[in-house]
Amino acid sequence: MNHTTLVGLILLLPLAGAVFNGLGGLAFHGLRRQKVLIGALATLAVAVPFVLALYLFLTYEGEPLLARFFTWIAAGELELAFQYRIDELSLVMTLIVTGVGALIHLYSIGYMYEDRGYWKYFSYLNLFIFMMLNLVLADNLTLLFLGWEGVGLCSYLLIGFWYEDFKNSEAANKAFIVNRVGDAAFLLAMFLLFREVGSLDFGALLADPAALPSGVVAAAVLLLFIGATGKSAQIPLFVWLPDAMAGPTPVSALIHAATMVTSGLYLFARISPLALAAPGVLVVVALVGALTAFMAATIAVTQYDIKKVLAYSTVSQLGYMFMAAGVGAFFVSIFHVLTHAFFKACLFLGSGSVIHAMHHVEHTLHERGHHGHLDPQDMRNMGGLGRFMPATRTTYLIATLAIAGFPLTAGFFSKDEILFKAFEYGYNGHAYAWIAWILGVVTALLTAFYMMRSYVLTFEGTPRWPMADQVHPHESPATMTLPLWVLAALSLVGGFVGLPGVIAHGEWNLIHHYLGASGGGPVAEPELQAHVPLAVEWALIGLGVAIALIGLYWSWTAYRRHGLAYDEMLRERFGAFYRIWAAKYYWDEFYDRAIVQPLLRFARNGLAAFDQKVIDGAVNGVARLMAELGQRVRRVQTGVVQAYAMAIVLGVALVLALMLFG
Amino acid sequence: MNLPYLTSLVIFLPLVGALLMLPMRRVSAIRWTALATTTVTFLISLLLYVGYDPAGSPAQPQFVDRIAGWFPGLDIQYYVGIDGLGLLLILLTTLLGPIVVLSSWNYIDRHQKGYYTLLLVLQTGMTGVFAAYDLILFYIFFELTLIPMYFIIGIWGGEDRIYAAVKFVLYTLVGSLLMLVGILYLGFAAGDAVNGGVFTTDYFKLLAYNVPLAAQGWLFFVFALAFAIKVPLFPLHTWLPDAHVQAPTGGSVILAGVLLKMGTYGLVRFCLPFFPNAATDYALWLAVLAVVGIIYGALVSRVQADAKKLVAYSSVSHLGFVVLGIFAFTVEAMQGAIIQMINHGLSTGALFLLVGMLYERRHTRLMEEFGGIARVMPVFAFFLVFTALASAGLPGLNGFVGEFMILLGSFKSALVGHPLLIALATSGVILAAVYLLWLLYRTLFGPIQKEVNRTLPDLNAREVLLLVPLAVFMLWIGVAPGPFLKRTEPTARFLLETVEQKRLAALEQAEQLATPAALRRMGSEGETVQTANP
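These numbers come from a predicted model, not from an experiment. (Residues numbered from 1 in each chain as written. Chains lettered and ligands numbered in written order. Predicted model: local features only at pLDDT ≥ 70, side-chain atom pairs only at ≥ 80, totals over all residues.)

J.: Whenever I open this one, the overall build of chain A confuses me. Can you help?
T.: When helices and strands are counted, chain A shows 25 helices and two strands. Computed over its C-alpha atoms, the radius of gyration of chain A comes to 29 Å, within 12% of the 26 Å expected for a compact globule of 662 residues. With respect to the principal axes defined by its C-alpha atoms, chain A has extents near 100 × 70 × 55 Å. Relative to all contacts within chain A whose residues are 6 or more apart in sequence, the contacts with residues 24 or more apart total 80%. (Helix = DSSP H or I, 4+ residues; strand = E, 2+ residues; numbered from the N terminus. Rg over C-alpha atoms; globule rule 2.2 N^0.38 Å. Contact = placed C-beta atoms within 7 Å.)

J.: Just checking my understanding: could you explain the overall build of chain B for this structure?
T.: A count of helical and extended segments in chain B gives 20 helices and four strands. Against the compact-globule benchmark of 24 Å for 534 residues, chain B has a radius of gyration of 23 Å, which places it among compact chains. Seen through its C-alpha atoms, chain B measures out along the principal axes to roughly 85 × 55 × 45 Å. For chain B, the residues scored as buried account for 62% of the 534 residues in total. Across chain B, every contact between residues at least 6 apart in sequence was considered, and the portion connecting residues at least 24 apart equals 79%. (Buried ≥ 20, exposed ≤ 12 C-beta atoms within 10 Å, placed from the backbone.)

J.: Just checking my understanding: could you explain the interface of chain B and chain A for this structure?
T.: By convention, interface size is frequently given as the accessible area that disappears when the constituent parts associate. Residue-level contacts link 55 residues of chain B with 46 residues of chain A. Ranked by residue count, the leading element in the side of chain B that touches chain A is helix 18 (residues 419-443) of chain B, at 10 residues. Class assignment for the residues of the side of chain B that touches chain A results in 39 nonpolar, 11 polar and five charged. (Nonpolar A, V, L, I, M, F, W, Y, C, P; charged D, E, K, R; others polar.)

J.: In this structure, what is going on with unusual backbone geometry? I would like to understand it.
T.: Note the cis peptide between A:Ile235 and A:Pro236, where omega equals 10 degrees. Summarising the element assignment, A:Pro236 is placed in the loop between helix 9 (214-231) and helix 10 (240-243). The amide bond that connects B:Val231 to the next residue, B:Pro232, takes the cis arrangement and shows omega of -5 degrees. Checked against the element boundaries, B:Pro232 lands in the loop between helix 9 (213-230) and helix 10 (239-246). With phi around 55 degrees, B:Phe63 is a residue other than glycine that occupies positive phi space. By the secondary structure assignment, B:Phe63 is in strand 1 (residues 62-67). Owing to 25 C-beta atoms within 10 Å, B:Phe63 belongs among the buried residues under this scheme.

J.: Before we go on, may I ask you to explain the packing of helix 17 (residues 398-411) of chain B against helix 18 of chain B in this structure?
T.: To describe two helices that pack against each other, one gives the angle between their axes and the distance between the axes. Residues and elements named next belong to chain B. Helix 18 packs onto helix 17 with a crossing angle of 170 degrees between their chain directions and a minimal axis gap of 10 Å. If you check the angle between helix 17 and helix 18, you find them roughly antiparallel. Contacts between helix 17 and helix 18 involve Glu 403, Leu 407, Ser 410 and Phe 411 from the first element and Ile 422, Ala 425, Thr 426 and Val 429 from the second. In terms of residue class, the contact of helix 17 with helix 18 is built from five nonpolar, two polar and one charged. (Axes fitted to C-alpha atoms, helices over the stretch in contact; angles between N-to-C directions. Parallel < 35°, antiparallel > 145°, perpendicular 65-115°, else oblique.)

J.: How should I be thinking about the confidence of the model for chain B in this particular structure?
T.: Low-pLDDT stretches of the model should not have their predicted coordinates read in fine detail. With 96% of its residues at a pLDDT of 70 or more, chain B shows a mean pLDDT of 90. Taken together, the chains of this predicted complex give a pTM of 0.93 and an interface ipTM of 0.93. (pLDDT = per-residue confidence, 0-100.)

J.: What is the right way to look at the packing of helix 14 (residues 307-326) of chain B against helix 15 (residues 331-362) of chain B in this model?
T.: Residues and elements named next belong to chain B. As a packed pair, helix 14 and helix 15 sit with axes 9 Å apart at the nearest point and diverge in direction by 175 degrees. Judged by the inter-axis angle, helix 14 sits roughly antiparallel to helix 15. Taking contact as the criterion, the partners of Ala 307, Lys 308, Val 311, Ser 315, His 318, Leu 319, Phe 321, Val 322, Gly 325 and Ile 326 in helix 14 are, on helix 15, Ala 333, Met 334, Gly 336, Ala 337, Gln 340, Met 341, His 344, Thr 348, Leu 351, Phe 352, Val 355 and Leu 358.

J.: Help me out: how do you make sense of the environment of B:Asn195 in this one?
T.: Residue and element names in this part refer to chain B. With respect to the helices and strands, Asn 195 occurs in the loop between helix 7 (161-194) and strand 4 (199-200). Exposure remark for Asn 195: the 19 C-beta atoms within 10 Å place this residue in the partly exposed category. Put simply, Asn 195 and Leu 206 are 11 residues apart on the chain and 9.4 Å apart in space, counted from C-alpha to C-alpha. Apart from the residues within four sequence positions on either side, Asn 195 is in contact with Asp 75, Ala 190, Thr 200 and Lys 205.

J.: Explain the nonpolar core here, please?
T.: By size, the foremost hydrophobic cluster in this structure holds 428 residues, and its most contacted members are A:Met323, A:Ala345, B:Cys271 and B:Leu324. Of the residues forming this core, the biggest block, 19 residues, is contributed by helix 16 (residues 330-367) of chain A. Not counting chain neighbours up to four residues away, the residues in contact with B:Cys271 comprise B:Phe220, B:Phe223, B:Ala224, B:Phe227, B:Gly266 and B:Ala279. (Core = buried A, V, L, I, M, F, W, Y, C linked by C-beta atoms within 7 Å.)

J.: Sorry, what's going on with the environment of B:Phe141 here?
T.: Residue and element names in this part refer to chain B. Locating Phe 141 in the fold gives a position in helix 5 (residues 135-144). Assessed through the 21 C-beta atoms surrounding it within 10 Å, Phe 141 is described here as buried. Leaving out residues up to four positions away in the same chain, Phe 141 has contacts with Gly 125, Gly 128, Val 129 and Ala 132.

J.: It is not clear to me how the environment of B:Leu299 should be interpreted in this structure. Could you clarify?
T.: Residue placement: B:Leu299 occurs in helix 13 (residues 283-302). Note: C-alpha distance between B:Leu299 and B:Leu255 (44 residues apart in sequence) is 22 Å. Excluding its chain neighbours within four sequence positions, the residues that come into contact with B:Leu299 are A:Ala603, A:Leu607 and B:Leu431.

J.: Just to check I follow, could you spell out helix 7 of chain B for this structure?
T.: The periodicity of an α-helix, 3.6 residues per turn, causes residues three or four places apart in sequence to face the same way. The terminal C-alpha atoms of helix 7 of chain B lie 47 Å apart, and with 34 residues this matches the ideal 50 Å at 1.5 Å per residue to within 8%. A positive backbone phi angle near 60 degrees is found at B:Gly196, which sits one or two residues after helix 7 of chain B. (Expected span 1.5 Å × (residues − 1).)

J.: What is the right way to read the pairing of strand 1 (residues 65-75) of chain A from this model?
T.: Each regular strand carries side chains that alternate between the two faces of the sheet. All names here are of chain A. The pairing of strand 1 with strand 2 (residues 78-86) spans eight bridges and is classified as antiparallel. In the sheet register, Arg 68 faces strand 2, and the bridge partner there is Gln 83. Following strand 1, the chain reverses through two residues before pairing antiparallel with strand 2; Gly 76 in that reversal takes a positive phi of roughly 55 degrees. (Pairing = 2+ DSSP bridges.)

J.: I tried to follow helix 6 (residues 141-159) of chain A on my own but got confused; where do I start?
T.: For helix 6 of chain A, which comprises 19 residues, the first-to-last C-alpha distance of 26 Å matches the rise-based estimate of 27 Å (1.5 Å per residue) to within 8%. The buried fraction of helix 6 of chain A is high, at 19 of 19 residues.

J.: How should the confidence of the model for chain A be read in this particular structure?
T.: Residues with a pLDDT of 70 or more make up 95% of chain A, whose mean pLDDT is 91. Taking the mean pLDDT of every element in chain A, the minimum, 52, falls on helix 25 (residues 640-661) of chain A and the maximum, 97, on helix 17 (residues 390-404) of chain A.

Given below as structure tokens:
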């Protein structure tokens with residue numbers, strides 16, 4: 001099979017799965033009951049593309065391959081095609097999307113089995129994979145944008161999956177609209193680039209950024225970054241992601257942690273030659289990333305909903321990735337995309353396993369006549385779950401260590417690399433990178449702290465749900481724990497594809513050589529003159545290890561000893577700061593009062609009233625005036641025929657007058 | 001391939017169907033006749049699509065039928081034909097024909113004969129508008145659409161139907177009567193200049209005539225006013241919400257789907273190439289009005305309580321994109337504007353159909369009366385979400401293709417490509433999501449709050465049948481608009497090239513006339529432009 005056929009299959013299988021389960025389930029109620037068939041088909045529709053992508057990956061010879069199917073939009077100079085690009089970057093992303101995607105499909109079979117909308121769920125999930133593959137494989141910006149908005153659509157559909165609760169639908173609307181703000185900027189970037197370059201194909205866009213006016217490049221990269229702050233949940237557009245947890249938990253793992261939200265990083269790695277030509281914008285990227293990382297980490301410390309902790313953690317980790325992009329280390333941000341996909345998907349699926357179990361607890365309580373609502377996501381109702389769910393507990397702990405940067409785990413390598421790159425960039429005279437670095441180090445401490453907090457509050461200590469001595473939760477079925485083990489294993493060893501520079505002079509940083517321009521890959525790298533001394537590099541690694549261990553140990557001992565009471569101690573110690581963190585820095589309130597409400601008031605009391613009273617009032621006024629004139633005319637001339645005749649005469653007179661004097 | 005009388009057949013077949021219907025008494029016979037007529041007309045119109053040669057000269061319409069010598073001494077003809085622009089709009093008209101008949105099947109429960117007769121007459125008028133190559137003929141068809149629509153709103157409409165119908169007619173008449181004056185002037189002036197003194201309204205003869213600069217201003221104004229009312233361009237839009245809300249579903253579908261396009265069609269076909277200097281001079285102003293309309297329509301749409309009014313105001317927003325694209329004077333934007341006319345007909349037509357289906361079930365269109373009905377009407381929910389996404393410009397569906405090309409082409413336009421203006425226009429895609437998701441949220445999602453909604457029947461086969469073709473075209477244009485764009489591109493290029501040539505020619509003419517005059521009147525200032533008039 002040639003590569004075009006392979007790419008075609010990789011794209012079409014998930015699409016076919018989505019259409020079959022979606023339209024089939026809509027039209028034939030009998031199909032909806034074939035749950036095994038639906039789940040198996042949907043999973044295969046992603047697993048087979050993974051195998052095909054693996055084959056492409058293994059046989060890839062270092063030269064980008066293009067697969068063109070047909071023309072999409074052509075008009076004037078514009079020529080856009082359904083054309084896909086296979087290169088190192090898109091291969092890595094395709095493997096992440098289909099690999100993690102297939103595991104999460106498998107997990108969902110068990111997790112969603114009882115749901116009425118099972119068929120619909122898998123249709124949306126397959127459609128998501130199709131759109132995500134469009135995003136990472138596209139060879140022009142507009143096709144990438146098709147995937148970009150397409151994954152947004154699936155995100156909308158899945159956040160609002162349980163639409164009968166208003167709250168979920170509202171979260172879905174918020175996600176779509178906030179993302180649309182970013183997308184509008186993305187569109188403007190395309191218009192600008194098209195005007196300057198005359199094409200939106202990556203080949204033409206990235207060929208020679210130096211030839212473009214620097215202001216144009218800066219504006220375009222900045223606009224694309226605004227787009228990325230939407231999809232990848234950065235300040236100021238991150239506000240939709242925490243609410244997006246309203247969707248089913250496997251969705252949070254796949255879309256809102258492992259894949260879709262990393263699109264912005266993929267975009268920047270893809271356009272890295274352009275981004276490097278806009279050094280001023282990179283300052284913004286790095287600082288926004290670092291600030292987002294820090295801000296979200298402080299919020300995560302104060303959350304009780306286990307998914308909210310993970311959501312803010314995701315925002316924070318995405319901030320790290322943008323920090324890397326902002327210091328020109330685009331391949332490192334992809335490295336962190338990769339490791340983050342492993343440990344964050346593992347954490348989310350683990351939380352899903354916990355929620356699954358807590359639902360069971362709630363259910364059993366109801367059966368035994370205990371009424372009252374038990375929030376299955378609130379860690380205040382958990383505690384001691386490790387005893388009942390050993391697999392979930394172990395995998396969650398492994399992923400926690402990985403995200404905290406425990407030595408030799410996946411997160412250790414990728415996060416250290418980000419911090420090192422920031423340090424190195426600062427060392428090379430870019431002062432802003434120091435600020436990012438400091439924020440990054442503080443965030444690393446917070447990360448270790450809040451993640452261990454979530455682990456201890458969930459799995460350690462004594463159970464806090466009612467009738468805990470009689471009602472016991474269960475471990476989840478194998479379709480759910482198997483993906484957990486795979487992801488946990490990858491969280492342990494996944495980092496070895498990017499060993500740091502202190503080892504064998506960076507020779508073993510495989511992902512760097514694979515993706516980076518210095519090794520023939522598509523991801524551009526800045527030229528750095530000054531090299532950080534080896535001793536300093538070792539010291540930085542030592543600092544990273546120390547920070548991770550301190551954070552983990554502090555949190556472990558504090559929450560083991562005090563349990564939930566430690567949060568009260570934090571609240572007292574940090575006072576106003578803690579209140580701001582717990583209130584999520586008032587972003588939602590700010591947007592509501594500064595933008596949403598005023599705009600709605602303006603539309604309702606301003607425009608709609610203006611429309612009726614002023615514009616339509618004028619129209620009706622003219623009509624009344626005419627009617628009155630008509631009354632008077634009628635007194636003079638009664639016959640209709642005469643009126644017509646006069647109108648004709650007047651009209652002809654007007655024409656003649658215009659011809660003569662016009 | 002050039003079948004004789006094909007264009008005329010497509011235009012007049014509905015009229016023939018209407019005449020056949022006159023002696024009929026049974027409602028079912030009337031309905032089936034209407035359905036058969038419109039379906040056959042659609043199938044025949046496909047021959048136009050198949051037979052249309054995209055490589056043919058854009059300066060020459062295809063499938064031409066002409067009969068000259070109506071009036072001795074006046075060069076007014078029956079002259080119809082098809083070019084890329086007309087082809088797509090005619091296909092949209094004929095496609096919507098049977099869909100509208102089907103949608104009215106049970107909705108129209110009195111005076112059926114009158115309704116379907118008017119519907120068919122209306123279709124003849126609309127098709128004629130897009131095929132006419134004689135300005136008087138165009139005007140006749142243009143006005144012919146007014147009367148049936150007036151009665152459709154006035155007889156089968158809602159409570160305030162009389163007010164809405166009269167408003168619709170008066171608004172349109174004000175514009176079109178002024179345009180008639182313009183047409184007469186143009187016919188005489190062109191007759192003098194290029195037709196040996198014989199009054200002419202032959203499109204191509206008028207095209208060959210360079211309207212003097214001084215006359216272009218007011219002529220452009222009267223033509224553009226007539227068409228802008230029809231579009232409707234902000235602030236001439238207030239007839240639209242009333243007409244839509246009062247009209248029966250079928251009337252709304254035609255109104256939004258086709259009648260509004262007569263306005264944008266007129267701008268492209270006549271205003272631009274006849275008055276190129278005025279059109280380019282005022283391009284920025286019209287673009288500003290268009291962008292105001294995009295944002296204004298969207299915001300007002302969001303705060304409506306009535307679902308139909310929401311869709312009606314969304315038309316103001318969507319048509320704003322089309323007008324922006326027309327006055328950008330770039331091939332990309334013009335192509336986008338043309339395809340967006342079709343897109344709007346498809347998606348807004350479908351939205352009106354869907355809102356009508358709700359109305360048939362509950363006899364209300366207030367969104368607060370619904371909520372949560374996705375649970376009981378999943379097929380309806382699917383089509384409403386699909387259509388809303390198409391309308392909101394989701395890539396992969398039709399709305400994106402049009403809006404993208406319009407905005408991209410406007411951004412590079414020398415006339416309207418101010419970054420701030422285009423940024424504001426682009427913010428329309430955010431607002432489109434705001435009001436369309438609001439519509440979905442209020443009608444489909446949340447818990448079912450009204451008991452009566454718990455037993456609403458989902459769409460029946462007839463309703464699905466009339467939505468499927470629209471959905472297919474929305475997807476088709478969204479993924480592979482090539483076949484359509486290929487047919488309109490020569491026309492779009494030809495019109496823009498004509499505009500440029502004539503614009504320069506008129507300037508040159510003015511200069512030549514101005515120079516001796518200026519020499520004669522040395523010392524007196526500011527007189528040069530006036531003398532350009534022959």
